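The residues making up each chain are set out below.
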Amino acid sequence: MSLNLKTAIAKIEHSIELTSGAVLQTFELKYETYGNLNEDKSNAVLICHALSGNHHAAGKYDKDDKPGWWDNMIGPGKPIDTNKSYVVCLNNLGGCHGSTGPNTKDKKTGKYFGIKFPIVTVSDWVNTQKFLMDYLQIPKWSFVIGGSLGGMQALQWSFQYPTLVENCIIIAAAPKLTAQNIAFNEVARQAIMKDPNWCEGDYLNQNKIPDKGLSLARMLGHITYLSDDSMKKKFGRDLRETELKFNYDVDFEIESYLRYQGEKFVSNFDANTYLLMTKSLDYFDPIKDFGDELKTRLAENKSSFLVVSFTSDWRFPPKRSREIVELLLDHKKNVSYAEIKSNGGHDAFLMENEDYFDVMKNFIMRSTCA
Amino acid sequence: MRIRVDLELISSWIEENSKVLDLGCGDGSLMKMLKEQKNVTGYGVDYDISQIKLSLDNKINVIQLDLNDGLDDFKNDTFDYVVLAQSLQEIKNPEKLLKEMLRIGKEVIISFPNMGHWSSRYQLFVGGRMPVTSELPYAWHNTPNIHLCTIYDFENFCKENNFTISKSSITSRSFFDNIMIKALPNFFGRVALFRIN
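Below or above, wherever it landed, is the structure these notes cover. (Residues numbered from 1 in each chain as written. Chains lettered and ligands numbered in written order. Predicted model: local features only at pLDDT ≥ 70, side-chain atom pairs only at ≥ 80, totals over all residues. Heavy atoms only, no water.)

**Here we look at the overall build of chain A**
1) Next: Of the regular secondary structure elements, chain A holds 11 helices and 12 strands.
2) Next: The C-alpha atoms of chain A give a radius of gyration of 20 Å, which matches the 21 Å a tight globule of 370 residues would have.
3) Next: With the principal axes as the frame, chain A shows a C-alpha extent of 65 × 50 × 45 Å.
4) Next: Going through the 370 residues of chain A one by one, you find that 57% of them count as buried.
5) Next: Put simply, chain A shows about 16,300 Å² of open surface, and 51% of that area lies on carbon and sulfur atoms. (Helix = DSSP H or I, 4+ residues; strand = E, 2+ residues; numbered from the N terminus. Rg over C-alpha atoms; globule rule 2.2 N^0.38 Å. Buried < 20%, exposed > 50% of the residue type's maximum accessible area, 1.4 Å probe, protein only. Areas by Shrake-Rupley, 256 points an atom, 1.4 Å probe, with all protein chains shown as cover.)

Laid out in structure tokens, this is it:
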């Protein structure tokens, strides 16, 4: 069967109060679907994207040379099998790829929201995803799946709507950020906000782009997504040209690669969205947020959980995933945990790996096959 | 290597509807058996990713952990039984692990291959070679088994650590062995099973 890729925009004509207290009267969510919803609507899968992700997870448009960001995982016969499942992936609120966010216009003023767009938390995202779920008339997710910040949304789902998720897959995530994680995010934000073109966040209305700051933020982020080993293997100390230049231009391949990644990112990402996403990461702490209520929430939860980590991931290393496992074990939940050997660093969750894919496939198959 | 007979014996010691943690669970067949036959809940634990995959395929909860790192992820008294079947010999610090098992479970069930069995003694005594048996199929240089023991060794180990043995069963697959086991368990028993409190 084909992927059956469909793209649409859900206009949610319903006001939502965000964690910050800000209220949005209406909002739009851009989403894609793959596969077909079965008759009893029991095969819907929600994919939550990470920091720089969007709704385009799988398949390819005619104009594109690259498929969606998780195309190796989602599709006919792949671990998230679109022959069996109806897969939904959306661009989160506050994103910059078609959903309401800093780079869309405020209907009241006719101007870009820019920095005035309220900060959205992981909990807010889960609430907006619930609106999309109702909009699509899906009664229950058979799976909620995400990596990194997406994994945090999957975890949040299991606390926030414990009876609406049958299975939850949390990959390369953490129950909250460490001081080091927040520190990296802060440097990224400072890079953006110190760019003279940032204009206090109003750059879109002033026809400017804080491209230098955003590309720096991305370069920094990118380093934390790779492992020392993978960088060594891919670039080593290889020179761009045959000899050292003795100036401050690019000498090493790694420098050239990072600059390229930074520049590429600027062309399809909004700086204010980057600020928002990193704040959302920093604020994420559901165990603290739910407090004593977590116990009752988890008691209602009958999901099966799969937690996956990667050995070389130093952004959210295996011990952070183990914290999630420990929490679920404490609450006597059905949980499985796999620590995948990989030198891919944090980005390993996006890469093909036999053990990783087999674990995903076997866990998903046991629920999707009768 | 786990053998079916051993797992069936362990299963017969486990009450229905109990909570079980199976350490070194392999492909998860014990937990699967317990889940299907005794409505048992719980988790398997293994370090080998290929076993994790098989356990997932067997529809059991499985946690990938190195038993040598301890069992910090599990709280005190969370399980009715903590099982360690045919893995004791691979553990770096058996004393530490047993204490951990007793911390998180009400009862501990341990099975291990008996190095005192006559076939092992024969291989070393007459053949002058390190024993290789069906339970321990490795050569000396590639074996993961670093702490092999006999039934006497294990009983002595329990005594030294004040572990109380509340039940035991010594078995062999051979008819002849099983006739003689009562008289000389450490000579005719191939597999020993102990329950410790």
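**Description of the interface of chain B and chain A**
1) Next: Taken together, the contact between chain B and chain A spans 20 residues of the former and 22 residues of the latter.
2) Next: At the boundary of chain B with chain A, total buried surface from both sides reaches about 1,900 Å², with 48% on carbon and sulfur atoms.
3) Next: Considering only the side of chain B, the residues that lose the most area to chain A are Lys53, Leu56 and Asp73 of chain B, jointly responsible for 32% of the buried surface there.
4) Next: The tally of links from chain B across to chain A stands at four salt bridges.
5) Next: Residue Asp73 of chain B is joined to Arg322 of chain A by a salt bridge in which the shortest nitrogen-to-oxygen separation is 2.7 Å.
6) Next: Here chain B is connected to chain A by 13 residue pairs in polar contact (both at pLDDT 80 or more).
7) Next: Counting residues per element, the ones that place at least two in the side of chain B that touches chain A are helix 3 (49-57) and strand 3 (62-64) of chain B.
8) Next: Per element, the largest residue contribution to the side of chain B that touches chain A is six residues, and it comes from helix 3 of chain B.
9) Next: Taken together, the residues of the side of chain B that touches chain A break down into nine nonpolar, four polar and seven charged. (Contact = heavy atoms within 4.5 Å. Buried area = accessible area lost by both parts, 1.4 Å probe. Salt bridge = Lys/Arg side-chain N within 4 Å of Asp/Glu carboxyl O. Polar contact = N/O pair within 3.5 Å; in protein donor to acceptor, adjacent residues only side chain to side chain. Nonpolar A, V, L, I, M, F, W, Y, C, P; charged D, E, K, R; others polar.)

**A look at the side chain of Arg315 of chain A**
All names here are of chain A.
1) Next: Secondary-structure assignment places Arg315 in the loop between strand 11 (304-310) and helix 10 (318-330).
2) Next: Buried within the structure, Arg315 lacks any salt-bridge partner; its nearest side chain of opposite charge belongs to Asp313, at an N-O separation of 6.9 Å.
3) Next: Separated by 3.5 Å, the side chains of Arg315 and Asn185 make a polar contact.
4) Next: Beyond its immediate sequence surroundings of up to four residues, Arg315 is in contact with Leu51, Asn181, Asn185, Thr224, Tyr225, Leu281 and His346. (Lys, Arg positive; Asp, Glu negative; His and termini not counted.)

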